[in-house]
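# Structure at a glance
Listed here are the chains, written in short residue letters.
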Amino acid sequence: MEIVIRDVEDRDASQIAKLLTQLGYPCDSDFARNKLHELSVHPSSQVSVAEVNGTVAGVISFDSQPLFHQAGKLGTIMALSVLESHRGNGIGRKLVKHIERVAKERGCVKIAVASGVHREDAHRFYRSLGYEEITKRFVKKIDSVES
């Protein structure tokens, strides 16, 4: 099985929607397409896909920002999803390794990834790639700001 990693394209929106839905974030093609356009104007963002036999089987979204407390940047894996039917074939590993190269090119000295507490398989996956649980992340939902 040949896994090809490439930059995302507009034509991938319906498959991205399926991947995000399988990740637990139900959406449609229009939502995915709008997000891809929104991210495409941010030079710090990168969205890549893994293609297997012409099918988008995985996606990874990444962003980087300058660190305030030390030199360099912090890279963040914003989302990673592999089709359920393709899991266990090295697609996620290849996507993460690709993003790690991108992070180095952009001057990142660390990469962070958040994973829901219930995603034990994902935790094992990230640990197998050398990621460590070293911080706690606190999140508060806020009402949208009206202009």
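Above this note sits the structure.
Residues numbered from 1 in each chain as written. Predicted model: local features only at pLDDT ≥ 70, side-chain atom pairs only at ≥ 80, totals over all residues. Heavy atoms only, no water.

## Let's talk about the overall build of the protein chain
Rules: Each helix is a run of DSSP H or I of at least 4 residues and each strand a run of E of at least 2, with the numbering of both proceeding from the N terminus. Atoms counted for the radius of gyration: C-alpha only. Globule rule: 2.2 Å times residue count to the power 0.38. Type-normalised accessible area, obtained with a 1.4 Å probe on protein chains alone, sets the label of each residue: buried when under 20%, exposed when over 50%, and partly exposed for intermediate values. We call two residues in contact when some of their heavy atoms are within 4.5 Å. To be clear on the numbers: accessible area is Shrake-Rupley with a 1.4 Å probe, and residue cover counts the displayed protein chains and nothing else. His is not counted, nor are the chain ends; Lys and Arg add positive charge and Asp and Glu add negative charge. For charged residues, the charge sits on one atom: NZ in Lys, CZ in Arg, CG in Asp, CD in Glu.
When you go through the protein chain residue by residue, the secondary structure sums to four helices and five strands. Secondary structure elements in the protein chain, listed N-terminal to C-terminal, are β-α-α-β-β-β-α-β-α. Computed over its C-alpha atoms, the radius of gyration of the protein chain comes to 16 Å, within 12% of the 15 Å expected for a compact globule of 147 residues. Projected onto the principal axes, the alpha-carbon positions of the protein chain cover approximately 45 × 45 × 30 Å. Classification of the 147 residues of the protein chain by burial places 35% in the buried group. Partitioning the intrachain contacts of the protein chain with sequence separation of at least 6 by distance along the chain shows that 60% fall at a separation of at least 24. As displayed, the protein chain offers around 9,900 Å² of accessible surface, 52% of which is attributable to carbon and sulfur atoms. Once the 21 positive and 19 negative side-chain charges of the protein chain are each reduced to a mean point, those two points are 6 Å apart.

## Considerations on the packing of helix α1 (residues 13-23) against helix α2 (residues 29-40)
Heads up, the condition is: All axes are obtained by fitting lines to C-alpha atoms, using only the stretch in contact for helices, and the reported angles, taken between N-to-C directions, cover 0 to 180 degrees. Each angle gets one of four labels, with under 35 degrees taken as roughly parallel, over 145 as roughly antiparallel, 65 to 115 as roughly perpendicular, and the rest as oblique. Polar here means any residue outside two lists: the nonpolar Ala, Val, Leu, Ile, Met, Phe, Trp, Tyr, Cys and Pro, and the charged Asp, Glu, Lys and Arg; Gly therefore counts as polar.
The geometry of α1 relative to α2 is characterised by a closest axis approach of 8 Å and an angle of 105° between their N-to-C directions. In terms of their interaxial angle, α1 and α2 are classed as roughly perpendicular. Along its contact with α1, which presents Ala13, Ser14, Ile16 and Ala17, the element α2 presents Ser29, Ala32, Arg33 and Leu36. For the contact of α1 with α2, the class distribution of residues is five nonpolar, two polar and one charged.

## Looking at the sheet that holds strand β1 (residues 3-7)
Note the threshold: A pair of strands is considered paired only if DSSP assigns at least 2 bridges between the two.
The five strands are arranged β1-β2-β3-β4-β5 in an open sheet whose pairing can be described as mixed. Every interior strand has two partners, whereas the edge strands, β1 and β5 (108-113), have only one. For this sheet the average axis-to-axis angle between neighbouring strands, irrespective of direction, equals 25°. Summarising the sheet, strand β2 (residues 45-52) and strand β3 (residues 55-66) pair through eight bridges and their orientation is antiparallel. Counted as the bridge partner of Val52 is Thr55 from β3.

## Section: the side chain of Asp12
Summarising the element assignment, Asp12 is placed in the loop between β1 and α1. Residue class for Asp12 comes out buried when judged on its relative accessible area of 3%. The contact partners of Asp12, leaving out residues within four places of it in the chain, are Arg6, Val49 and Val56.

## So, the nonpolar core
The following threshold applies: Definition used in this section: a nonpolar core is a set of buried Ala, Val, Leu, Ile, Met, Phe, Trp, Tyr and Cys residues joined via side-chain atoms within 4.5 Å.
Judged by nonpolar contacts, the single largest core of 31 residues is most densely connected at Ile16, Ile60, Ile77, Leu80, Ile91 and Val96. For this core, the secondary structure elements donating two or more residues are α1, α2, β2, β3, β4 (73-82) and α3 (91-105). Among the elements that line this core, the one with the most residues is α3, at six residues. Other than its neighbours up to four places away in sequence, Ile16 contacts Val8, Ala32, Leu36, Val49 and Val59.

The values reported here are purely geometric and, on their own, carry no functional implication.
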